[in-house]
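# Observations on chain architecture
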Amino acid sequence: MNSKLPINLEGLLRQRKVEGDRIEYKTGWNPDPIMHTLCAFANDFENLGGGYVVIGQDCDASGMPVFPPTGVPDNQLDKIQRELLQYCNQIRPTYFPMLSVERFEGRNLIVLWAPGGQNRPYKVPRSVTVRMKDHRYYIRRYSSTIEAKGDDERELISLTARVPFDDRYNQTAGIEDLSPRLMREFLREVGSSLADESQELSAEALGRQMNVTGGPDEAALPKNAGLLFFNEHPRRFFPATQIDVVWFPEGPGGDRFDEKTFEGTLARIARDALSYIQTNYLKQTVVKHPDRAEAERFWNFPYPAIEEAVINAVYHRSYEIREPIEVRITPDDLMVLSFPGPDRSIRMADLRAGKAVCRRYRNRRIGEFLKELDLTEGRSTGISKILKVMIANGSPAPEFETDDARSYFLIRLSVHPEAISEEVAHVGAIEKVSGKTSGEPSGETSGEPSGEILSLMRENPRVTIPEIAEAIGRTPRAIETQVARLKAEGLIERIGPTKGGHWIVHVGSIEKVSGKTSGEPSGETSGEPSGEILSLMRENPRVTIPEIAEAIGRTTRAIEMQVAKLKTEGLIERFGPTKGGHWVVREKA
């Protein structure tokens, strides 16, 4: 029965990744209450993902662990494991937790991981040590194990064979569809001791250790959660497993929009979509006041609120419904749409007040993996955190919407009412450096990166559209639209095929796009790429000097000199350290 835990032991003991009501601490080996708790975790009455029993760990009156642990003597380890095997055979239907003998602060611990079972309801004798067995059902109520009686017993029995979708076996996939590399990367990231021995395990053995594989040895199958996290292309099994980020610069009724789709494992699409939104659509406003030293800072949309909204959608959407998660961004709001809506046990009035508690969770295993990866916190905290973050930023209250059928869930975050003024400041700074004399903004400042495209083509005539898109943080589709317009205006020409051909940028093209009227070249067309630097800083306040140098094809030293000059001129300001800080592009007074 002995195996290594697929999660970090210290994080488990200190309740950093698993809520306290899913952990039972036992100072010593006491068979009856331990077996009752294992039965309760197997029944997983609220679809929370089961729980853990830690033998050899004491706790205080509030249920918090006391360190150092009491520990289990060496001479009792084998005896406890033999008896545990004997008593688990008394659970009906048969159920065995995963057992791991661990060392912590010099003491032995026996950790029992009891995930929600596939064949609930389970029952176990009131006393496993007596001859006459009286089997009863047990469930968890908050942090206590109780016998299921009356309505609870009837509801538990009604859950027969109703295993949450993410914890079911996938009959259309095989063990070969689980990536050992992705599983090992996960174990290393969460700090599991199983990572060290995972190289010696087959995909099936590793999957069983992580509880993403099950069934008999001759017909082992992966679970849906395993395919969602440890298969490079889960859309093969769950169509529309993706996040679509759509930007409407003219509002939802406008003709223009940019769309980027994120596909891959759940962890990857969540992180990539959030990083893309943060880089391209979040801007901070800094307002200085003459009567005090401290400046006022706020974001158009606070990132922690967006993070909670997106992760909430990844956690709670149904992967049986063929509809992607969609993030719609306009100058006025940011909306996260997912399907279906909240469980009917949640009252919308409670949800809007941040007090909603879900009666039963839709995806118990997805939540576990997200918590281990630090992508989500405890249960029922996401909505309340969104409310607090929006208030702290000075933004309007978020809006939560669904219909009577609970067929969808929409979270709407309104832009900060004063964020527009910062956009004007950004435009002013870039126009000053570029030498623009017209009130008409150029491509760099209006959302059409024509000048940056021309600069990249001039510096590297063989640059590809995907490379341009990556360099300036736009979608390939948006770049294709701009390239088609530049061709139509006669500013560029393509010579040769898509692969192996090159661009020709006609003389005067960059000056024409930038709206320059003087014969004196600006920073973009001379050796000083000031306008491009400001554009990149505006689009991504956390961009680094090496990233700027790579994006516009200059040396790091050259960019450092330009940044120093822009600081001296008062056009930019740096807040925070080299790592973790950000730029503010401002209009010089």
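Residues numbered from 1 in each chain as written. Predicted model: local features only at pLDDT ≥ 70, side-chain atom pairs only at ≥ 80, totals over all residues. Heavy atoms only, no water.

## As for the packing of aromatic side chains
By convention here, two paired aromatic rings are described through the distance between centres and the angle between planes. What counts is decided by this rule: Any two rings among Phe, Tyr and Trp, with Trp reduced to its six-membered ring, count as a pair given centres within 6.5 Å; such a pair is stacked if its planes are under 30 degrees apart, edge-to-face if over 60, and tilted if neither. By the criteria applied, helices consist of DSSP H or I runs no shorter than four residues and strands consist of E runs no shorter than two, each listed in order from the N terminus. Here the term buried applies to any residue with accessible area under 20% of the maximum for its type, exposed to any over 50%, and partly exposed to those in between, with areas from a 1.4 Å probe on protein chains only. Look at NZ for Lys and CZ for Arg. If either is within 6 Å of the ring centre and within 35 degrees of the ring normal, a charge sits over the ring.
If you walk through the whole model with that rule in mind, you get 16 aromatic pairs. With a centroid separation of 5.6 Å and an interplanar angle of 75°, the aromatic rings of F186 and F230 are classed as edge-to-face. Placement of the pair is F186 in helix α5 (residues 180-190) and F230 in helix α8 (residues 224-230), with a sequence separation of 44 residues. Across the pair, F230 and F186 agree in class, each one buried. Cluster of aromatic residues (ring-pair linked, three or more members): F186, F229, F230 and F369. Above the plane of the ring of W503 lies R494, whose end atom (NZ or CZ) is 4.6 Å from the centre.

## A few points about the sheet that holds strand β4 (residues 107-114)
In plain terms, the rule: Only strands that DSSP links by at least two bridges are regarded as paired with each other. In this analysis an axis means a line fitted to C-alpha atoms, helices contributing only their contacting stretch, and an angle means the value between N-to-C directions, from 0 to 180 degrees. By definition, residues are in contact when any of their heavy atoms lie within 4.5 Å.
Pairing is mixed across the open sheet formed by four strands, whose spatial order is β1-β2-β4-β3. In this open sheet, the two edge strands, each paired with only one partner strand, are β1 (23-26) and β3 (98-104). Neighbour to neighbour, the strand axes of the sheet diverge by 20° on average, direction disregarded. The pairing of strand β2 (residues 51-55) with β4 spans five bridges and is antiparallel. Counterpart to V53 in the pairing with β4 is L112. Sheet strands touched by helix α2 (residues 31-43): β1, β2 and β4. Its angle to β2, the strand with the most contacts, is close to 160°.

## Some points on unusual backbone geometry
Of note, the bond from R92 into P93 is cis; its omega dihedral lies within 30 degrees of zero at -10°. Relative to the helices and strands, P93 resides in the loop between α3 (77-88) and β3. P121 follows R120 through a cis peptide bond whose omega is 10°. Within the element layout of this structure, P121 appears in the loop between β4 and β5 (123-125). For Q15, which is not glycine, the phi dihedral falls at a positive 60°.

## Some words on the sheet that holds strand β11 (residues 258-263)
Strand pairing in a sheet is mediated by backbone hydrogen bonds. Such pairs are either parallel or antiparallel. Taken in spatial order, the six strands line up as β11-β10-β14-β15-β17-β16 in an open sheet, and their pairing is mixed. Edge positions in the open sheet fall to β11 and β16 (399-401), since each of these has one partner strand only. Between one strand axis and the next, the sheet turns through 15° on average, direction left out of account. Relative to β11, strand β10 (residues 242-247) runs antiparallel, the two being bridged by six bridges. Note on β11: the bridge partner recorded for V245 is K260. Those strands touched by helix α13 (residues 382-393) are β16 and β17 (409-414), and its axis lies near 15° from that of β17.

## With respect to the side chain of E19
Basically, it comes down to this: Under the rule applied, a polar contact is a pair of N or O atoms within 3.5 Å (in protein, one hydrogen donor and one hydrogen acceptor; residues adjacent in sequence only if both atoms are side-chain atoms).
Mapped onto the secondary structure, E19 falls in the loop between α1 (9-13) and β1. Residue classification places E19 among the buried positions, given a relative accessible area of 15%. A distance of 2.8 Å separates the side chain of E19 from the side chain of K371, its partner in a polar contact.

## A few points about the nonpolar core
Here is the rule we go by: Nine residue types can take part in a nonpolar core, namely buried Ala, Val, Leu, Ile, Met, Phe, Trp, Tyr and Cys, and a core is a set of them joined through side-chain atoms within 4.5 Å.
In terms of nonpolar packing, the biggest core is built from 70 residues, with F229, F230 and V245 touching the most fellow members. Per element, the largest residue contribution to this core is nine residues, and it comes from helix α9 (residues 266-281). Not counting the four nearest positions on each side in its chain, F230 is found in contact with D177, L178, S179, L182, M183, F186, M210, V212 and F369. By size, the runner-up hydrophobic cluster in this structure holds 27 residues, among which are V53, I55, V72 and C88.

## Here we look at helix α20 (residues 530-539)
In terms of burial, α20 is a largely internal element, ten of the ten residues being buried. Buried within α20 are the following residues: S530, G531, E532, I533, L534, S535, L536, M537, R538 and E539.

## Topic: the packing of α20 against helix α21 (residues 545-552)
Note the threshold: Should an angle fall under 35 degrees it is taken as roughly parallel, and over 145 as roughly antiparallel, whereas 65 to 115 is taken as roughly perpendicular and any remaining angle as oblique. Each helix crossing is assigned a hand: it is left-handed if the near helix lies turned anticlockwise from the far helix by less than a right angle, otherwise right-handed if that turn is clockwise. Ten residue types, Ala, Val, Leu, Ile, Met, Phe, Trp, Tyr, Cys and Pro, are classed as nonpolar, four, Asp, Glu, Lys and Arg, as charged, and the remainder, Gly among them, as polar.
Two elements in contact, α20 and α21, have axes separated by 10 Å at closest approach and are oriented at 120°. Between α20 and α21, the angle falls in the class oblique. Considering only the axes of α20 and α21, their crossing is right-handed. Taking contact as the criterion, the partners of E532, I533, L536 and M537 in α20 are, on α21, I548, A551 and I552. When its residues are assigned to classes, the contact of α20 with α21 shows six nonpolar, no polar and one charged.

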